[in-house]
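Breakdown of the fold
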Amino acid sequence: MADYKIRSEKEQDIDFLWEMLYQAIYVPEGEARPSREILNQPNILKYLCNWGRQGDIAYIATDLSDNPVGAIWTRLFDEANKTYGYIDKNTPVLSMAVLPKHRGQGIGTLLLNEMIRKAKDSGFISLSLSVDPNNPALRLYEKCGFVKVGIDGTSWDMMATLDKK
Ligand SMILES: CC(C)(COP(=O)(O)OP(=O)(O)OC[C@H]1O[C@@H](n2cnc3c(N)ncnc32)[C@H](O)[C@@H]1OP(=O)(O)O)[C@@H](O)C(=O)NCCC(=O)NCCS
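Residues numbered from 1 in each chain as written. Predicted model: local features only at pLDDT ≥ 70, side-chain atom pairs only at ≥ 80, totals over all residues. Heavy atoms only, no water.

- Named according to an unreviewed UniProt entry, the protein chain is GNAT family N-acetyltransferase originating from Gracilibacillus pellucidus.

What follows is the structure, given as structure tokens:
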């Protein structure tokens, strides 16, 4: 993993975060990817719109030239503004993606471990997410301590309880 670094997000990363949101949309193998217009759908838009509000946290994985190759972010929602994977207003909802040609090299694991550490340090006791049952990312989440807590439409809601250490 010497070829990649993880750093906190900077203001100029916002376009990359939107691209990662697009990449995080699960498309079954063999199916065409949707147009990027999908990012304007209210249920997708809410993962990043007005980014920078209280509680928003993001990390960027970069190559050694500081080119972004992946991202992870968490955001708090509430009963009036829920999203897929929402559990409660104190549980940040996690999203992540790595650019296709950089997948399968451990970047996702690094990003997720970094975010779990940050969430613990910030005093959160849980994290949640939503994942398609056929998405191989499910295995990554299980390896990092997420468990299935419910089904929402066709996707699993998963939650990790963060120990205090
Ligand atoms: C999910 C994702 C962020 C993981 O990032 P990554 O850098 O590929 O992850 P890693 O290389 O650290 O792999 C971690 C584990 O994820 C699982 N995994 C993730 N993607 C996989 C894939 N495409 N095929 C097989 N296993 C996969 C494996 O269990 C792997 O662990 P292992 O190699 O020890 O078996 C990345 O594959 C991705 O961007 N996928 C598309 C977007 C997406 O689905 N985001 C999540 C939406 S819920």
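Read on, since the account is not over.
So, the overall build of the protein chain
- A count of helical and extended segments in the protein chain gives 4 helices and 7 strands.
- By the compact-globule yardstick of 15 Å for 165 residues, the protein chain fits well, its C-alpha radius of gyration being 15 Å.
- Seen along its three principal axes, the alpha-carbon backbone of the protein chain occupies a region of about 40 × 40 × 30 Å.
- Across the protein chain, the fraction of contacts at a sequence separation of at least 24, relative to all contacts at a separation of at least 6, is 61%.
- Within the structure as shown, the protein chain displays about 9100 Å² of accessible surface, and the carbon and sulfur contribution to it stands at 49%.
- In the protein chain, which carries 20 positive and 22 negative side-chain charges, the distance between the mean positions of the two groups comes to 4 Å. (Helix = DSSP H or I, 4+ residues; strand = E, 2+ residues; numbered from the N terminus. Rg over C-alpha atoms; globule rule 2.2 N^0.38 Å. Contact = heavy atoms within 4.5 Å. Areas by Shrake-Rupley, 256 points an atom, 1.4 Å probe, with all protein chains shown as cover. Lys, Arg positive; Asp, Glu negative; His and termini not counted. Charge placed at Lys NZ, Arg CZ, Asp CG, Glu CD.)

Structural notes on the packing of aromatic side chains
- Counting across every chain of the model gives 2 aromatic pairs.
- Of note, Arg33 hangs over the ring of Tyr22, and the distance from its end group to the ring centre comes to 4.6 Å.
- In this arrangement the basic side chain of Arg53 is found over the ring face of Phe77, its NZ or CZ atom lying 5.5 Å from the centre. (Phe/Tyr/Trp six-rings, centres within 6.5 Å; stacked < 30°, edge-to-face > 60°. Lys NZ or Arg CZ within 6 Å of the ring centre and 35° of its normal.)

A short note on the layout of surface pockets
- In this structure, the largest pocket spans a volume of roughly 1300 Å³.
- For the lining of the largest pocket, the secondary structure elements donating two or more residues are α1 (14–24), α2 (42–45), β4 (93–98), α3 (107–121), β5 (126–131) and α4 (137–143).
- Here the element with the most residues in the lining of the largest pocket is β4; it accounts for 6 residues.
- Residue classes in the lining of the largest pocket are distributed as 23 nonpolar, 14 polar and 7 charged. (1 Å grid on protein atoms, 1.4 Å probe; cavity = no way out; pocket = protein on both sides within 12 Å on 5 of 7 lines; lining within 4 Å. Points joined across faces, edges and corners; volume = space filled by probe spheres on them. Nonpolar A, V, L, I, M, F, W, Y, C, P; charged D, E, K, R; others polar.)

Side note on α1
- When α1 is considered as a whole, its buried residues turn out to be Phe16, Leu17, Met20, Leu21, Tyr22 and Gln23.
- Where the residues of α1 are buried, they touch α2, β2 (57–63), β3 (68–75) and β4. (Buried < 20%, exposed > 50% of the residue type's maximum accessible area, 1.4 Å probe, protein only.)

Comments concerning the pattern of salt bridges
- Counting across every chain of the model gives 9 salt bridges.
- Of the charged contacts in the structure, one is a salt bridge between Asp66 and Lys10, with a shortest N-O distance of 3.8 Å. One end of the pair, Asp66, is in the loop between β2 and β3; the other, Lys10, is in the loop between β1 (4–8) and α1, and 56 residues separate them in sequence.
- By relative accessible area, Asp66 is classed as partly exposed at 35%.
- Exposure remark for Lys10: the relative accessible area of 35% places this residue in the partly exposed category. (Salt bridge = Lys/Arg side-chain N within 4 Å of Asp/Glu carboxyl O.)

Points about the pairing of β2
- The buried fraction of β2 amounts to 6 of the 7 residues, a majority that puts the element mostly inside the structure.
- As paired elements, β1 and β2 share 5 bridges and run antiparallel to each other. Along β2, the bridge assignment pairs Ser8 with Tyr59.
- Relative to β3, β2 is paired through 6 bridges, and the arrangement is antiparallel. Looking at the pairing, Ile60 lines up with Ala71 of β3.
- With antiparallel pairing between neighbouring strands as the criterion, β2 and β3 make up a hairpin whose turn holds 4 residues, including Asp66 at a positive phi of roughly 65 degrees. (Pairing = 2+ DSSP bridges.)

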